[in-house]
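Chain by chain, the residues run as shown.
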Amino acid sequence: MWWKPLAVLTARTPARGLALAGMKRGPHRGLAPLAASRAYGTEERGEPNSPEYRLFYRNAQGQLISPFHDIPLYADPKQKLYNMVVEIPRWSNAKMEIATKLPLNPIKQDVKKGKLRFTANVFPYKGYIWNYGAIPQTWEDPSHKDADTGCCGDNDPVDVCDIGLRVCNRGEVVSVKALGVLALIDEGETDWKVIVINADDPEFNNINSLADVERLRPGYLDATRNWFRVYKIPEGKPENCFAFDGKFKDKEFAEEVLQSTHRYWRSLITGATSPGQLDCTNTSVDGSPFKRDQKTAQAALQANPPLGAPKSIPVEVDKWHYLSR
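Since we're looking at a predicted model, the values are computed, not measured.

*Asks:* How do you make sense of the overall build of the chain when you look at a structure like this?
*Replies:* When helices and strands are counted, the chain shows 4 helices and 18 strands. Evaluated residue by residue, the chain yields a buried proportion of 56% over its 325 residues. Partitioning the contacts of the chain with sequence separation of at least 6, the portion at a separation of at least 24 is 67%. Accessible surface, the chain: about 14,500 Å² in total, of which carbon and sulfur atoms supply 53%.

Here is the structure:
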């Protein structure tokens, strides 16, 4: 088998596994089995820690899919559980992201000025302080000016921060519950950061709002806001700013952000909105002019070099940055 099932996924192979979206019940025994449970596999191409590295997705039948367009918004709509594509595991530094401009939208590492991008360790934060990723089938439309933030979208899927205790694996698809949202203004664009909790978390049933986060994980929301405020300073950029005076908006507001950006995505994938440079290749969205067969999808995958040996990670990635107050 050329792609990895869950049985061989281990903590030492973070990018080589098949993740289950909603198939694990975990501690939340009050929930019914998830109606939209799906298994997803990943296939690596290129050399890890290089600009050529790619992580492609397959569904449970082994068919190639796009994590941006083919994985549903919901893991379970009745329970309001969303699918989250984990791009960056907690405590790691490599700036991995869904490649929105490449066919099938594999995960790759961001490149800036010809160099792989790693997020700096800004004391006391080691890399990313949550599992970081995106909600599929959402899109922050760059032509739409948000009435609340006064800024247009950043042309990406909605970002999410999973505050669950488990460190996820790169490429996993996990079921999450929305708790609230922070409105980052990044270089003049609206860049929503939805706070979520993994459905497998031991406190899943007890954490249902931002107030619950403050009560059970005190300091986490303040740390999250501060992380987004300072994380680009080591790159020579100023502090980031926020809408709403940096205040988190509640669960209901977060749900509306996900619903509205899903509508923008629907307009995108059906061709009602021009994709611009985005690649909307998908293999399962009925009615989409960008839907392609598996032969075409396989050709897109084969255009990438086979999996090779990992490159070394630059030593400066482990450097700590201390900011004056």
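Structure shown, so let's carry the discussion forward.
*Asks:* What's the story with the pairing of strand β6 (residues 81-88) in this structure? I'm lost.
*Replies:* Along a regular strand, successive side chains alternate from one face of the sheet to the other. Burial within β6 is extensive, with 8 of its 8 residues counted as buried. Of the strand pairs in this sheet, strand β5 (residues 74-76) and β6 are connected by 2 bridges, and their pairing is antiparallel. Bridge pairing links Asp 76 to Leu 81 in β6. Adjacent in sequence and paired antiparallel, β5 and β6 are bridged by 4 residues, among which Lys 80 carries a positive phi angle near 55 degrees. Bridge analysis of β6 against strand β15 (residues 173-186) gives 5 bridges, and the strand direction is antiparallel. Across the sheet, Tyr 82 pairs through a bridge with Val 176, a residue of β15.

*Asks:* What am I meant to see in the environment of Asp 212 here?
*Replies:* In this fold, Asp 212 is placed in helix α1 (residues 210-216). Its relative accessible area of 14% is what places Asp 212 among the buried residues.

*Asks:* Sorry, what's going on with the nonpolar core here?
*Replies:* The nonpolar side chains of a soluble globular protein tend to be buried, and buried together. Judged by nonpolar contacts, the single largest core of 53 residues is most densely connected at Tyr 57, Trp 130, Ile 163, Trp 227 and Phe 228. If you tally residues by element for this core, the top one is helix α2 (residues 220-230), at 5 residues. The contacts of Ile 163, once residues within four sequence positions are left out, are Arg 90, Trp 130, Leu 179, Ile 195, Val 196, Ile 197, Val 213, Arg 217 and Tyr 220. Core analysis: the second largest hydrophobic core is formed by 24 residues, Tyr 74, Phe 253, Ala 254 and Leu 258 among them.

*Asks:* How should I be thinking about the side chain of Asn 121 in this particular structure?
*Replies:* On the secondary structure map, Asn 121 appears in strand β11 (residues 121-122). Side-chain polar atoms of Asn 121 contact the backbone oxygen of Lys 319, separated by 3.3 Å. The contacts of Asn 121, once residues within four sequence positions are left out, are Asn 93, Lys 126, Gly 127, Val 317, Asp 318, Lys 319, Trp 320 and His 321.

*Asks:* Sorry if this is basic, but what is going on with helix α4 (residues 294-302) here?
*Replies:* Helical geometry note: an α-helix holds 3.6 residues per turn, so side chains three or four residues apart project in the same direction. All buried positions along α4 are accounted for by Ala 297, Ala 300 and Leu 301. Taken down its axis, α4 places every buried residue within 100 degrees of arc, on the same side.

*Asks:* Before we go on, may I ask you to explain the layout of surface pockets in this structure?
*Replies:* It is a probe the size of a water molecule, rolled over the atoms, that shows where empty space is left. Here the largest pocket is characterised by a volume of approximately 780 Å³. Around the largest pocket sit 30 residues that line it, and Lys 95, Glu 97, Asp 110, Asp 154 and Asp 156 are the ones nearest its centre. Elements with a minimum of two residues in the lining of the largest pocket: β7 (96-98), β12 (131-135), β16 (189-198) and α2. For the lining of the largest pocket, the leading source of residues is β16, giving 3 residues.

*Asks:* Looking at this structure, I do not really get the confidence of the model for the chain. What am I missing?
*Replies:* Regions with low pLDDT should not have their predicted coordinates read in detail. For the chain, mean pLDDT is 90; residues scoring 70 or higher make up 88% of the total. For residues 5-37, every residue scores under 50 in pLDDT, and the model assigns this stretch 83 contacts once sequence neighbours within four places are set aside.

*Asks:* Would you explain the pattern of salt bridges in this entry?
*Replies:* Where charged atoms from two side chains of opposite charge approach closely, those side chains can pair. As enumerated under the stated definition, the model contains 19 salt bridges in all. Here Lys 193 and Asp 159 are joined by a salt bridge, their closest N and O atoms 2.7 Å apart. Here the residue Lys 193 occupies a position in strand β16, and Asp 159 occupies one in strand β14 (residues 158-162), the gap between them amounting to 34 residues. Here the two residues Lys 193 and Asp 159 agree in accessibility, since each one is buried. Connected via shared salt-bridge partners are Asp 110, Lys 112, Arg 117 and Glu 235.

*Asks:* I tried to follow unusual backbone geometry on my own but got confused; where do I start?
*Replies:* Leaving glycine aside, a negative phi is the common case for residues, and trans is the common case for peptide bonds. Along the chain, Phe 123 connects to Pro 124 via a cis peptide bond; the corresponding omega equals 10 degrees. The phi angle at Asn 49 is positive, at roughly 65 degrees, despite the residue not being glycine. Note that Asn 49 resides in the loop between β2 (38-45) and β3 (54-58). Using a relative accessible area of 23% as the deciding quantity, one classes Asn 49 as partly exposed. The phi dihedral of Leu 104 falls on the positive side, at around 70 degrees, and the residue is not glycine. Along the chain, the position of Leu 104 falls in the loop between β7 and β8 (107-109).

Calculation notes
Residues numbered from 1 in each chain as written. Predicted model: local features only at pLDDT ≥ 70, side-chain atom pairs only at ≥ 80, totals over all residues. Heavy atoms only, no water. Helix = DSSP H or I, 4+ residues; strand = E, 2+ residues; numbered from the N terminus. Buried < 20%, exposed > 50% of the residue type's maximum accessible area, 1.4 Å probe, protein only. Contact = heavy atoms within 4.5 Å. Areas by Shrake-Rupley, 256 points an atom, 1.4 Å probe, with all protein chains shown as cover. Pairing = 2+ DSSP bridges. Core = buried A, V, L, I, M, F, W, Y, C linked by side-chain atoms within 4.5 Å. Polar contact = N/O pair within 3.5 Å; in protein donor to acceptor, adjacent residues only side chain to side chain. Arc of directions from axis to C-beta. 1 Å grid on protein atoms, 1.4 Å probe; cavity = no way out; pocket = protein on both sides within 12 Å on 5 of 7 lines; lining within 4 Å. Points joined across faces, edges and corners; volume = space filled by probe spheres on them. pLDDT = per-residue confidence, 0-100. Salt bridge = Lys/Arg side-chain N within 4 Å of Asp/Glu carboxyl O.

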